[in-house]
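As a plain string of letters, each chain reads:
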Amino acid sequence: MTVARHFLDLGDAGADAIAAMISDALDRKEARRDWPKGKTDADEPLKGRVLALVFEKNSTRTRVSFDVAMRQLGGTVLILEAGSSQLGRGETIADTARVLSRMVDAIMLRTDDHAKIEEMARHASVPVINGLTDRSHPCQIVADLLTIIEHKKPLPGLEVAWFGDGNNVLHSVLEAAGLLKFNVRVATPEGYEPAAEFVEIARSGGASVTLTHNAQQAADGADVLVTDTWISMGQADADDKRKAMAPYQVNGDLMARAKPEAIFLHCLPAHVGEEVSEDVFESSQSVVFDEAENRIHAQKSVLLWSFGLLANG
Ligand code: CP
Ligand code: NVA
């Protein structure tokens, strides 16, 4: 039996495969420029395949981008929500993995505890893809890297600055930094730093990671400024956290310290007026809707990699 290619974190694919994903995504995006979004790519590489999208948390972009990505690749999807499936009534992840593996060709899971997706992968005989856990969000970062490259910023040596909460999205940014050799300045309040494990992954891959509590210092001369919600799904909405986060808002003053051609990224959904000011969110430096669209193109290459069908991947 061939072992399924799971994509639980960026390191499962590795630097070369991620570079191949970005290159394939750029080619496929260009090849279908101005086509209706529901039209399939000429080669229909996933014709006949079905992907299960399993959600234990809310989603707009991940849900729609995987669905449209599968349609464009010639395949289909079905959606399983925890609340309306037996998962929500306590059926085990192990049994769910074994049942879904008999019925579909791949599984995407969005869940809370990362141990659950590891359990799914252990018991599934088809590829399992991480659509976000409390620990990481690798599919988002493939789209972010694609967006950065499209905006003519080569990754090696790039200075990426993160502001606010040291969360799941930042963890995947750090993992990408180690693999693709860009540098990350992380500005968080005390007590909200990223997990040390991800800082170590980035540094051991050769990336420089600066941890600071000074947002201005992180912004100085940066190429890319990134933030995310202060309160992630499943986290308590605490006043003291919001208060601690306030000095890390990405606003005009912070953008003015970055390189003049710097871009602003946010995985969305955004809370304008909290982690980002309206003038930055709506500015020409903000590429958040390119980033959102790129979820489709990135998801296609993640899917192709998982099926062993990515050129050079
Ligand atoms: N960025 C992102 O993953 O968005 P959704 O939560 O809408 O899927
Ligand atoms: N950090 C956010 C990302 C949402 C896409 C969350 O986990 O809610």
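Right above here is the structure, for reference.
Okay, so let's go over this structure. (Residues numbered from 1 in each chain as written. Chains lettered and ligands numbered in written order. Predicted model: local features only at pLDDT ≥ 70, side-chain atom pairs only at ≥ 80, totals over all residues. Heavy atoms only, no water.)

### Quick look at the site of ligand 2
By nearness alone, every residue bordering ligand 2 is listed as L132, N167, N168, D228, T229, S232, M233, C267 and L268. With respect to ligand 2, the side chain of D228 contributes an N or O atom lying 2.7 Å from a nitrogen atom. Contact with the protein chains covers 94% of the free accessible surface of ligand 2, which is 270 Å². In terms of residue class, the shell around ligand 2 is built from four nonpolar, four polar and one charged. (Near = heavy atom within 4 Å. Polar contact = N/O pair within 3.5 Å; in protein donor to acceptor, adjacent residues only side chain to side chain. Areas by Shrake-Rupley, 256 points an atom, 1.4 Å probe, with all protein chains shown as cover. Nonpolar A, V, L, I, M, F, W, Y, C, P; charged D, E, K, R; others polar.)

### A few points about the packing of aromatic side chains
Under the criterion given, the structure shown has two aromatic pairs. Both rings, one in F7 and one in W305, keep their centres 5.9 Å apart while their planes meet at 65 degrees; by these two values the pair is edge-to-face. Of the two residues, F7 sits in the segment before α1 (10-13) while W305 sits in helix α13 (residues 288-306), which places them 298 residues apart along the sequence. On the accessibility criterion, W305 (4% relative accessible area) is buried. Looking at K39, its charged tip hangs above the ring of W35, at a distance of 4.4 Å from the centre. (Phe/Tyr/Trp six-rings, centres within 6.5 Å; stacked < 30°, edge-to-face > 60°. Helix = DSSP H or I, 4+ residues; strand = E, 2+ residues; numbered from the N terminus. Buried < 20%, exposed > 50% of the residue type's maximum accessible area, 1.4 Å probe, protein only. Lys NZ or Arg CZ within 6 Å of the ring centre and 35° of its normal.)

### What about the nonpolar core?
By size, the foremost hydrophobic cluster in this structure holds 61 residues, and its most contacted members are F7, L145, L174, F182 and L303. F163, F264, L268 and F281 belong to the second-largest nonpolar core, a separate cluster that totals 20 residues. (Core = buried A, V, L, I, M, F, W, Y, C linked by side-chain atoms within 4.5 Å.)

### Let's talk about the sheet that holds strand β5 (residues 159-163)
Spatial strand order, β7-β6-β5-β8-β9: five strands in an open sheet with parallel pairing. Of all the strands in the sheet, the pair left with one neighbour each is β7 (209-212) and β9 (263-266). Sheet twist, expressed as the mean angle between neighbouring strand axes with direction ignored, is 20 degrees. Pairing analysis gives four bridges linking β5 to strand β8 (residues 224-227), with the strands arranged parallel. Each bridged residue has a counterpart across the sheet, and for A161 the counterpart in β8 is L225. (Pairing = 2+ DSSP bridges. Axes fitted to C-alpha atoms, helices over the stretch in contact; angles between N-to-C directions.)

### Some points on the site of ligand 1
Around ligand 1, the structure places S59, T60, R61, T62, R110, H137, Q140, C267, L268 and R295. In the model, an oxygen atom of ligand 1 is placed 2.6 Å from a nitrogen or oxygen of the S59 side chain. One nitrogen or oxygen atom from the main chain of L268 is found 2.9 Å from a nitrogen atom belonging to ligand 1. Within the complex, the protein chains bury 95% of what would otherwise be the 260 Å² of accessible surface of ligand 1. Residues that form the shell around ligand 1 fall into these classes: two nonpolar, five polar and three charged.

### So, helix α8 (residues 196-204)
Along α8, the positions that sit buried rather than exposed are F198, V199 and A202. Burial along α8 is one-sided: seen end-on, the buried residues are contained in an arc of 105 degrees. The outward face of α8, more than 90 degrees from its buried face, is lined by the exposed residues A196 and S204. Those residues of α8 that are buried lie in contact with α7 (168-180) and β7. Immediately downstream of α8, the backbone of G206 shows phi near 105 degrees, a positive value. (Arc of directions from axis to C-beta. Contact = heavy atoms within 4.5 Å.)

### Concerning the pairing of β7
In this sheet, β7 lies alongside strand β6 (residues 183-187) in parallel orientation, the contact comprising four bridges. Looking across to β7, one finds that V186 is bridged to L211. Taken together, β6, α8 and β7 form a β-α-β motif whose crossover is right-handed. (Right-handed = clockwise from strand over helix to strand, strands pointing away.)

### A few points about the environment of V226
Locating V226 in the fold gives a position in strand β8. By relative accessible area, which is 5% here, V226 ends up buried. Those residues within four positions of V226 in sequence are excluded, and the remaining contacts are V160, A161, W162, F163 and L265.

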